[in-house]
Amino acid sequence: MPESPIRKLVPYSEIAKKKGHKVYHLNIGQPDIKTPEVAMNAVKNFDIKVLEYSHSAGFESYRTKLSQFYKNQGLPINVEDIIITTGGSEALLFAMGSTMDQGDEIIIPEPFYANYNGFSTASGVKVVPVISTIDTGFALPPIADFEKLITPKTKAILICNPGNPTGYLYSKEEMMQLADLVKKHDLFLIADEVYREFTYDGDIHYSVMNIPGLEENAIMIDSVSKRYSMCGARIGCIVSKNKELMATAMKFAQARLSPPTFAQIASEAALDTPQSYFDEVITEYKDRRDTLIAELNKIEGVKVATPKGAFYCIAELPVENADDFAQWLLESYDYNGETVMVAPAAGFYSTPGAGLNQVRIAYVLKKEDLISAVHILKEAIVAYNSK
């Protein structure tokens, strides 16, 4: 199994903290936004005598309410199209296990969420990367680039929309291009849509479930982790109208028995979160994004693509090896007792040598902290390059 590029620097951050240094965590997508009270109260107030298994597909009451939630968003998703999973991670494992056999291939635009490598390894599946570039803001690579990678072993294309780690939001036109491609070659299009709500500048998210005629090919992955700032609940879902696929995914769901009960109670209640919560959160993230990009653009030699969604960006730094730089920041550097933790971007690529001078930054801190963190980054780059 590949190690997580996001978490492998944790021991160094722990050492920095033991030295008394403050560490600004720009490395992990753990929002500081409060979980909706309605979700927390549902668990606190739940009267339960026996903590039993739930249905392997998740509570029927939750799936019914979730189906209505999606329909309210214009997504034609019925109860039978949903299996509740232990996080979006398990939903991705179910999707890969249900569509691919040992040695099959999945095409993924890179850079991509690092754990796709881990899920693929666990499923015995080979990742075939198609590269997107910082110069295009990490837009969808040309369809011809996908097509030339398709072999008899190719079973699916996987995208994250909006993207982690890039923050790129695929347009309706790009989604339609992918839809035409997967229909032409009879592949699955797996869309990880856990950041669906996080879009900025009036841009609209176009879901894989909204594409007409793609019902047999479309698989949507979702989660409560980011939407409700409930990463620790570990509740997600796999969604598809393909009956054979869902019957296969159900075998995986039965093998692990059921998703966690208390987390489902919280997640079901979270569906009652008022729109005002999301309006405030999106406004806050947009302000953070604008602050971060403005500050990064002040550093000489830094190149950054403005993200359209999620809460990440990829920044190219004027250093040769971002992995070494990120470790040095924690091990050997502080600015007035403070330092910064970033995620080296090479771990988000599977092409050897790609992304070596890039880092992923998560703007999940308040604006004042982002300004301080980027200032430290600026001073650190100067110190690092003059070593």
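Only a predicted model underlies this, so the values are computations on that prediction, with no experimental measurement involved.

1. Some words on empty space enclosed by the protein
Enumeration over the complete set of coordinates arrives at 3 cavities of 30 Å³ or more. Estimated volume of the largest cavity: approximately 120 Å³. Residue lining of the largest cavity: 16 residues in total, with Pro109, Pro111, Cys160, Thr166 and Tyr170 positioned closest to the centre. Of all the secondary structure elements, the ones that give two or more residues to the lining of the largest cavity are strand S3 (105-110) and strand S5 (154-160). Considering each element in turn, the lining of the largest cavity owes the most residues, 3 residues, to S5.

2. Concerning the packing of helix H11 (residues 322-331) against helix H12 (residues 367-385)
At a minimum axis separation of 11 Å, H11 and H12 run at an interaxial angle of 110°. Comparing the axis directions of H11 and H12 gives the class roughly perpendicular. Along its contact with H11, which presents Asp324, Phe325, Trp328 and Leu329, the element H12 presents Leu377, Ala380, Ile381, Ala383 and Tyr384.

3. Focus on the domain arrangement of the chain
With domains assigned, the chain is organised as domain 1 (9-34 + 276-386) and domain 2 (37-271). For domain 1 versus domain 2, the distance between C-alpha centres works out to 27 Å. Listed per partner, the contact involves 33 residues of domain 1 and 33 residues of domain 2. Both sides together, the interface formed by domain 1 and domain 2 hides about 2700 Å², and carbon and sulfur atoms give 60% of it.

4. Remarks on a nonpolar patch on the surface
There is a patch of nonpolar side chains on the surface, built from Phe46, Leu51 and Phe262 and spanning about 280 Å² of accessible area. You can see Leu51 is positioned in the loop between helix H2 (37-44) and helix H3 (60-72).

5. Topic: the state of the cysteines
For the structure on display, the rule yields 0 disulfides. In this model Cys231 remains outside any disulfide bridge; the closest cysteine sulfur is found in Cys160, 13 Å from its own. Residue class for Cys231 comes out buried when judged on its relative accessible area of 14%. Free cysteine: Cys237, not disulfide-bonded; nearest cysteine sulfur from Cys160 at 14 Å.

6. Some words on the pairing of strand S8 (residues 236-239)
Here S8 shows a buried face lined by Gly236 and Ile238 and a second buried face lined by Cys237 and Val239. Looking at chain direction, strand S2 (residues 82-85) and S8 are connected through 4 bridges and run antiparallel. In the strand pairing of S8, Ile83 is matched with Ile238. Relative to S8, strand S7 (residues 218-223) runs antiparallel, the two sharing 4 bridges. If you follow Ser223 over to S8, its bridge partner there is Gly236.

7. So, the UniProt feature "domain: Aminotransferase class I/classII large" (unreviewed entry) in the chain
When the UniProt feature table is mapped onto this chain, "domain: Aminotransferase class I/classII large" (unreviewed entry) is found at residues 23-334. Secondary structure content for residues 23-334 is 38% helix and 15% strand, and the end C-alpha separation is 9 Å.

8. Description of the environment of Gly58
Tracing the backbone shows Gly58 in the loop between H2 and H3. By relative accessible area, Gly58 is classed as buried at 0%. Counting along the chain gives 203 residues from Gly58 to Thr261, while the straight-line C-alpha distance between them is 8.6 Å. Once residues lying within four places of it in the same chain are set aside, the contact partners of Gly58 are Arg63, Ile84, Pro259 and Gln264.

9. Some remarks on helix H8 (residues 243-255)
Note on helix geometry: an α-helix contains 3.6 residues per turn, so any two residues three or four positions apart are oriented the same way. For H8, spanning 13 residues, the distance from its first C-alpha to its last is 19 Å, which sits close to the expected 18 Å at 1.5 Å a residue. By the burial criterion, the buried members of H8 are Leu245, Met246, Ala249, Met250 and Ala253. End-on view of H8: buried residues confined to an arc of 140°, all on one side of the axis. Of the residues in H8, the exposed ones pointing more than 90 degrees away from the buried face are Glu244, Lys251 and Ala255. Next to the buried residues of H8 lie S2, helix H4 (87-99), S7 and S8. The N-cap of H8, judged by a side-chain oxygen 3.1 Å from the amide nitrogen of Glu244 a few residues on, is Asn242.

What counts and what doesn't
Residues numbered from 1 in each chain as written. Predicted model: local features only at pLDDT ≥ 70, side-chain atom pairs only at ≥ 80, totals over all residues. Heavy atoms only, no water. 1 Å grid on protein atoms, 1.4 Å probe; cavity = no way out; pocket = protein on both sides within 12 Å on 5 of 7 lines; lining within 4 Å. Points joined across faces, edges and corners; volume = space filled by probe spheres on them. Helix = DSSP H or I, 4+ residues; strand = E, 2+ residues; numbered from the N terminus. Axes fitted to C-alpha atoms, helices over the stretch in contact; angles between N-to-C directions. Parallel < 35°, antiparallel > 145°, perpendicular 65-115°, else oblique. Contact = heavy atoms within 4.5 Å. Domains from an automatic or database assignment. Buried area = accessible area lost by both parts, 1.4 Å probe. Patch = residues over 30% accessible without salt bridge, like charges linked within 9 Å, V, L, I, M, F, W, Y side chains within 5 Å. Areas by Shrake-Rupley, 256 points an atom, 1.4 Å probe, with all protein chains shown as cover. Salt bridge = Lys/Arg side-chain N within 4 Å of Asp/Glu carboxyl O. Disulfide = S-S within 2.5 Å. Buried < 20%, exposed > 50% of the residue type's maximum accessible area, 1.4 Å probe, protein only. Pairing = 2+ DSSP bridges. UniProt positions renumbered as here; feature names shortened; annotations may be inferred. Expected span 1.5 Å × (residues − 1). Arc of directions from axis to C-beta. Polar contact = N/O pair within 3.5 Å; in protein donor to acceptor, adjacent residues only side chain to side chain.

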